[in-house]
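Structural overview for review
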Amino acid sequence: MTMMTPPPLEVWFSHPRSDASFVNLVIAETVSASENQQVEDPPTLKYRWTIENFSRLNTKKLYSDIFHVVGYKWRVLIFPKGNNVDHLSLYLDVADSATLPYGWSRYAQFSLAVVNQIHGKYTIRKDTQHQFNGRESDWGFTSFMSLSELYDPSRGYLVNDTFVIEAEVTVRKVVDYWSYDSKKETGYVGLKNQGATCYMNSLLQTLYHIPYFRKAVYHMPTTENDMPSGSIPLALQSLFYKLQYSDNSVATKELTKSFGWDTYDSFMQHDVQELNRVLCEKLEDKMKGTVVEGTIQHLFEGHHMNYIECINVDYKSTRKESFYDLQLDVKGCRDVYASFDKYVEVERLEGDNKYQAENHGLQDAKKGVLFIDFPPVLQLQLKRFEYDFMRDTMVKINDRYEFPLQLDLDKDNGKYLSPDADRRVRNLYTLHSVLVHSGGVHGGHYYAFIRPTLSHLWFKFDDEKVTKEDAKKALEEQYGGEEELPQTNPGLNNTTFKFTKYSNAYMLVYIRESDKEKIMCDVDEKDIAEHLRIRLKKEQEEKEHKKKEKAEAHLYTIIKVARNEDLMEQIGKEIFFDLVDHDKVRAFRIQKQLPFNHFKEEVFKEFGIPVQFQRFWLWAKRQNHTYRPNRPLTPQEETQSVGQLREVSNKTHNAELKLFLEVEIGPDLHFLPPPLKTKEEILLFFKLYDPEKEDLKFVGRLFVKSLGKPTEVFSKLIEMAEFPPNEEIDLYEEIKFEPTVMCEHIDKRISFKSSQLEDGDIICYQKSLTSTNRNQFRYPDVPSFLEYVRNRQCTSLPVPLPLLLNHTTYDAIGFAVGLIGTTISNGLIALEEDGSEFEVVFFRALEKPKEEDFSLELSKLFTYDDVVERVARQLGVDDPSKIRLSSHNCYSQQPKPQPIKYRGVDHLVDMLVHYNQTSDILYYEILDIPLPELQGLKTLKVAFHHAIKEEVVIHIIRLPKNSTVADVINDLKTKVELSRPDAEVRLLEVFYHKIYKIFPPGEKIENINDQYWTLRAEEIPEEEKSLGLHDRLIHVYHFTRDSNQNQMQVQNFGEPFFLVIKEGETLTDIKIRIQKKLQVPDDEFSKWKFAFISLGRPEYLQDSDIVSNRFQRRDIYGAWEQYLGLEHSDTAPKKAYTTNQNRHTFEKPVKIYN
């Protein structure tokens, strides 16, 4: 295996940039781009309307002069006194709507502005877009601005009684989604959505359009033996190459397979920020030891300094931390600068919250964050989602939040920078991309606006579709907030409506001006490994070849040739009925005008059978839906063209011609000429059945006299079967198998003709059985065996999954599609036919849900009792009622949390169905009491944590459903060893390593759910029973944090616990108690860090800090939202009982496994 790596990263190339030029046309100016792009700017026109003596206008509405945009006539419509409102009303109108033909429509994006003639920056401008038509020929704003503001002379909108309006109109052609060509229209291609991967697509497009990042990915070493589905670097290289050179949208399946994702992961919508961090972390690891090591840090890593500085004494504590992205508050901030102001906001530590300074005691201090350096590529994550404590739910913040095209982080004399920052670096950034989330907290759609060359041209990357957009669409329209709904009929008294904009920016990517030329470097084929270029060009050539074949399909015929060898290989293995599966025989693609005799030369080249020894039979579909060889081709037919022959043979007019190639071979294994076929002879095919092995196979074909009797060919059949010469045999004709099997015994004493046998018929035969030895076999004869086979088979029709998914704004809609009677496998939907009675069901023990234990062939019509009886028999269990079954979740590939109730379903088929999908897996448990008795009880799985011993024991508690938590505790006390006989025990609800609830003793247990939450029982420590007035009971959780990730992200693990803290107690005092409680060795404990964590954000504590001062707030929802965090590595093995928590798929994080 050779390793092929491109040359090292070279000196970077910067793209020249030219700005738009404006040409003045009388009172209007037409805008056109001078950018050297593959696409043209849509026609845009600016129109300026000056109205004199405005206050003396005595008309309800007024139209401007007509102006033209690419032949379309427009005018501005104004209501000077308001359209039945106390606001100026302003609209854009199609000037010639009354004379346009029926059904006309045109689409425009436009802005209307009232010009401030004193201070231009106070000009009021509003933007919208509309599909104009006969019913809606005008569109705009009923409440554009208040009349009082307009007529106030000090405001500058009415000067010398002159009023100025501007309109900017961009006419865009209506896009036909199905015929739209992104590459042709924009020069770029999109990414296909796998179901709910729009969040990934928007991120991948953003990263791809950072050329330095793309170049680094290309330079990651890969080999020609790697497979994209198993190598993240190669899969990403392949994806980027196709984005760069393909003419069509690109699939992401290879990349997600390289992540270790399955179909289920592709239907789970995740968070862009989370995926960004995980992907960059994985790439950073893959880049180690290569020529591009450190690229991720170089591009995205910045540093900030956390500090605490005393006010009255000379003492300062600092800590440097790195970040790859910054989370900025949206709530309460009008723009990015306000968020940065909040980020570096100084907190005063005074009063009860004074800082314990080393050698100085309690001191007034100020605490905050300042930036040491910013990265070349600055990623800003906007906190659009937060927890609403009043509503007890997550909500999306759709407030208006502005972000600039240029971001100056050196503003106000570098107020965001620390004293250690290098002031020689100019932190002026230009906006590269805007990632947008459209929707709500429970789902939505992601897309991205990107400036690939940092020119004035913006493009929208929305999965497969890429469109050219103007800057306003990418910026102002993604600020969020509210928007006034334009009026449809300005002449009527319409109420003004405002609506919340649910599409808004979620992530911003800025590139530093001083690094722009390096980051936006040139990337071409020399950056791509040779083996990758060869591989991908070959893929492209194959794709083009298939495309060409498809385009030329009408010129060709597919000829499928079945031979004896195919029948031998398939019958009894892949098929049992009829003779062959034509999709699995050799197919030839032949031009229709080619004479058939010339085609025989192709057959000679393929099979080595000389032309003179070939005889071809046409297949025919019979009325009983079987498919059999019907007659040989005549010499005259063989002189015809392939196309003519297909039309003669094929009444359904498809592109295929199916043939059977008859070849005769002599005893010396040489080819023989085909025997003369007379009308008195018929060609029969023979299958042999062995009831002992339950085996059916093809043994050959024979020409027989139609007036002859079966006994005349017995010796030949016995020879073909390798039976003893005098063996008695029985013959059956295989007639049909749809909708039921018909296989009839053949009377040996009458002729083949009398038995109505003809060319292509199938005879199955076997040894004759006596009435005695028939009972030795499950299926003693051919009819019973074929009946068995027919009932156990399930015919599947493959349908590509994307055809069934209607992609809407909410990508996960695929789950709502009714996939009736389906199973999903390799992206295909198998539609099961009704009437399939038998099913091979695979059983797994519930405690080992990934391991198949045994399988049973069961009828789908078996009752609940039938199924458990057979499972019990298989497991050697005397009482079938002690078997409990659970169904399979086809999405999570795990057992359903709720087992099947006793006789809770009618038939086996009901057990196998999950949301209209059919599975072949069931899980079993062997109970210690009968299931009907168990169902009258509430079963809880409780993990008991011993007070002294370092052990956790799982106990199964079964009590009547009307029992209380106190009953559970009392029952548990009889099963566990307590530290003292009078010890008090409590029951807790633990979820993802946090304590969410202490159950009251009187709470009923019927509604307690231990499927997703862990129930933990423990003794109540003595110190908690006698809390002082100022003592606090706090939550203490373990957590870890990747040093490469932002300081805000914490990952909890281990066992959470409560701790009593005293007023005035320092961290040093508390650490002593925690170390003693957890019995951690000194050398390991010295590495631990301690932090006060509120709403997921850690504030690291010093040994001298008064911990109780941090736990003073009472407005935090739930004690778990504030806790003392113990930061250290997670070295403990996972406990078995935590596996249930993994079923809670709503909380499933983004993971890249490879």
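Residues numbered from 1 in each chain as written. Predicted model: local features only at pLDDT ≥ 70, side-chain atom pairs only at ≥ 80, totals over all residues. Heavy atoms only, no water.

- By the naming in an unreviewed UniProt entry, the protein chain is ubiquitinyl hydrolase 1, taken from Zingiber officinale.
- Per UniProt, the protein chain carries the Catalytic activity (unreviewed entry) text "Thiol-dependent hydrolysis of ester, thioester, amide, peptide and isopeptide bonds formed by the C-terminal Gly of ubiquitin (a 76-residue protein attached to proteins as an intracellular targeting signal)." (UniProt positions renumbered as here; feature names shortened; annotations may be inferred.)

Thoughts on the overall build of the protein chain
- Along the protein chain, the regular secondary structure elements total 28 helices and 64 strands.
- Looking at the 1154 residues of the protein chain, the share that counts as buried comes to 50%. (Helix = DSSP H or I, 4+ residues; strand = E, 2+ residues; numbered from the N terminus. Buried < 20%, exposed > 50% of the residue type's maximum accessible area, 1.4 Å probe, protein only.)

A short note on the sheet that holds strand 48 (residues 854–859)
- Read from one edge to the other, the open sheet built from four strands follows the order 48-47-54-49, with strand pairing classed as mixed. This sheet does not close on itself; its edge strands, each paired only once, are strand 48 and strand 49 (883–886). With strand direction ignored, the average angle separating the axes of adjacent strands in the sheet is 35°.
- With respect to the sheet, helix 22 (residues 864–875) is in contact with strand 47 (838–845), strand 48, strand 49 and strand 54 (921–926), its orientation differing from that of strand 48 by roughly 150°. (Pairing = 2+ DSSP bridges. Axes fitted to C-alpha atoms, helices over the stretch in contact; angles between N-to-C directions. Contact = heavy atoms within 4.5 Å.)

Considering helix 3 (residues 198–208)
- The buried fraction of helix 3 amounts to eleven of the eleven residues, a majority that puts the element mostly inside the structure.
- Among all positions in helix 3, only C198, Y199, M200, N201, S202, L203, L204, Q205, T206, L207 and Y208 are buried.

Overview of the packing of helix 3 against helix 5 (residues 232–245)
- Packing of helix 3 against helix 5 brings their axes to within 11 Å, and their N-to-C directions diverge by 75°. As the angle between them shows, helix 3 and helix 5 are arranged roughly perpendicular. Between helix 3 and helix 5, the contacting residues are L204, Q205, L207 and Y208 on the first element and L236, L239, F240, L243 and Q244 on the second.
- The residue makeup of the contact of helix 3 with helix 5, split by class, is seven nonpolar, two polar and no charged. (Parallel < 35°, antiparallel > 145°, perpendicular 65-115°, else oblique. Nonpolar A, V, L, I, M, F, W, Y, C, P; charged D, E, K, R; others polar.)

A word on the nonpolar core
- Ranked by internal contacts, the top residues of the largest apolar core, which has 60 residues, are F213, F240 and F300.
- At eight residues, the largest contribution of residues to this core is made by helix 5.
- When near neighbours in sequence (up to four residues on either side) are disregarded, F213 contacts L207, F240, L283, I296, L299 and F300.
- Membership of the second largest hydrophobic core comes to 42 residues, among which are Y307, Y401, Y447 and L508. (Core = buried A, V, L, I, M, F, W, Y, C linked by side-chain atoms within 4.5 Å.)

Description of the environment of I1061
- With respect to the element layout, I1061 can be found in strand 61 (residues 1051–1061).
- For I1061, the residues in contact, after removing those within four places along its chain, are D1031, R1032, I1034, I1070, R1073, V1107, S1108 and F1111.

Brief notes about the pattern of salt bridges
- Considering all chains together, one arrives at 71 salt bridges under this definition.
- The closest approach of N and O atoms between K472 and E168, which form a salt bridge, is 3.7 Å. Here E168 lies in strand 12 (residues 163–172) and K472 lies in helix 12 (residues 471–474), a separation of 304 residues in the sequence.
- Judged by its relative accessible area of 23%, K472 falls in the partly exposed class.
- R426 is the salt-bridge partner of D410, the closest N and O atoms lying 3.1 Å from each other. (Salt bridge = Lys/Arg side-chain N within 4 Å of Asp/Glu carboxyl O.)

Some remarks on the pairing of strand 61
- Across the eleven residues that make up strand 61, a large majority, eight, are buried.
- Pairing between strand 60 (residues 1032–1040) and strand 61: eight bridges, direction antiparallel. Bridging from a neighbouring strand, L1033 pairs with V1060 of strand 61.

Focus on empty space enclosed by the protein
- For the structure shown, the criterion picks out six cavities of 30 Å³ or more.
- One number sums up the size of the second largest cavity: a volume of about 60 Å³.
- If you trace the second largest cavity, you find it lined by L349, N353, K354, Y355, Q356, D1105, I1106, N1109 and R1110.
- Among the residues forming the lining of the second largest cavity, the class breakdown is three nonpolar, three polar and three charged. (1 Å grid on protein atoms, 1.4 Å probe; cavity = no way out; pocket = protein on both sides within 12 Å on 5 of 7 lines; lining within 4 Å. Points joined across faces, edges and corners; volume = space filled by probe spheres on them.)

What about the sheet that holds strand 57 (residues 985–991)?
- Across the sheet, five strands lie side by side as 56-55-59-57-58; this open sheet has mixed pairing. The sheet is open, and its two borders are formed by strand 56 (952–960) and strand 58 (994–998), each paired with just one other strand. Across the sheet, the mean angle separating the axes of adjacent strands is 40° when strand polarity is ignored.
- Across four bridges, the pairing between strand 55 (residues 937–945) and strand 59 (residues 1014–1019) is parallel. Across the sheet, the residue bridging to F944 is A1017, located in strand 59.

Looking at the packing of aromatic side chains
- Across all of its chains, the model carries 48 aromatic pairs by this definition.
- Summarising the aromatic geometry, the rings of Y208 and F240 are spaced 5.4 Å apart at their centres and angled 65° between planes, so their arrangement reads as edge-to-face. Of the two residues, Y208 is situated in helix 3 and F240 in helix 5; the sequence distance between them amounts to 32 residues. Neither Y208 nor F240 differs from the other in exposure class; each is buried.
- On the numbers, 6.4 Å between centres and 85° between planes, the contact of W619 with F660 is edge-to-face. In this pair, W619 is assigned in strand 34 (residues 615–621) and F660 in strand 36 (residues 656–662), connecting sequence segments 41 residues apart.
- Residue class for W619 comes out buried when judged on its relative accessible area of 6%.
- Since its relative accessible area comes to 0%, F660 is described here as buried. (Phe/Tyr/Trp six-rings, centres within 6.5 Å; stacked < 30°, edge-to-face > 60°.)

With respect to unusual backbone geometry
- The backbone of N160 shows a phi angle near 55°, a positive value even though the residue is not glycine.
- Residue position: N160 is located in the loop between helix 1 (147–151) and strand 12.
- Positive phi is not limited to glycine here, since N413 has a value of about 60°.
- Among the structural elements, N413 can be located in helix 11 (residues 411–414).
- Taking the relative accessible area as the measure of exposure, N413 reaches 72% and is therefore exposed.

Notes on a nonpolar patch on the surface
- A contiguous nonpolar surface patch, about 310 Å² in accessible area, is contributed by I665, L669 and F671.
- Here F671 lies in strand 38 (residues 671–672).
- Judged by relative accessible area, F671 falls into the partly exposed class, the value being 30%. (Patch = residues over 30% accessible without salt bridge, like charges linked within 9 Å, V, L, I, M, F, W, Y side chains within 5 Å. Areas by Shrake-Rupley, 256 points an atom, 1.4 Å probe, with all protein chains shown as cover.)

Details of the confidence of the model for the protein chain
- Summing up the model confidence of the protein chain, the mean pLDDT is 81 and the portion of residues at 70 or higher is 83%.
- Every residue in residues 1133–1151 scores below 50 in pLDDT, and together they form 46 contacts with partners more than four places removed in sequence or on other chains. (pLDDT = per-residue confidence, 0-100.)

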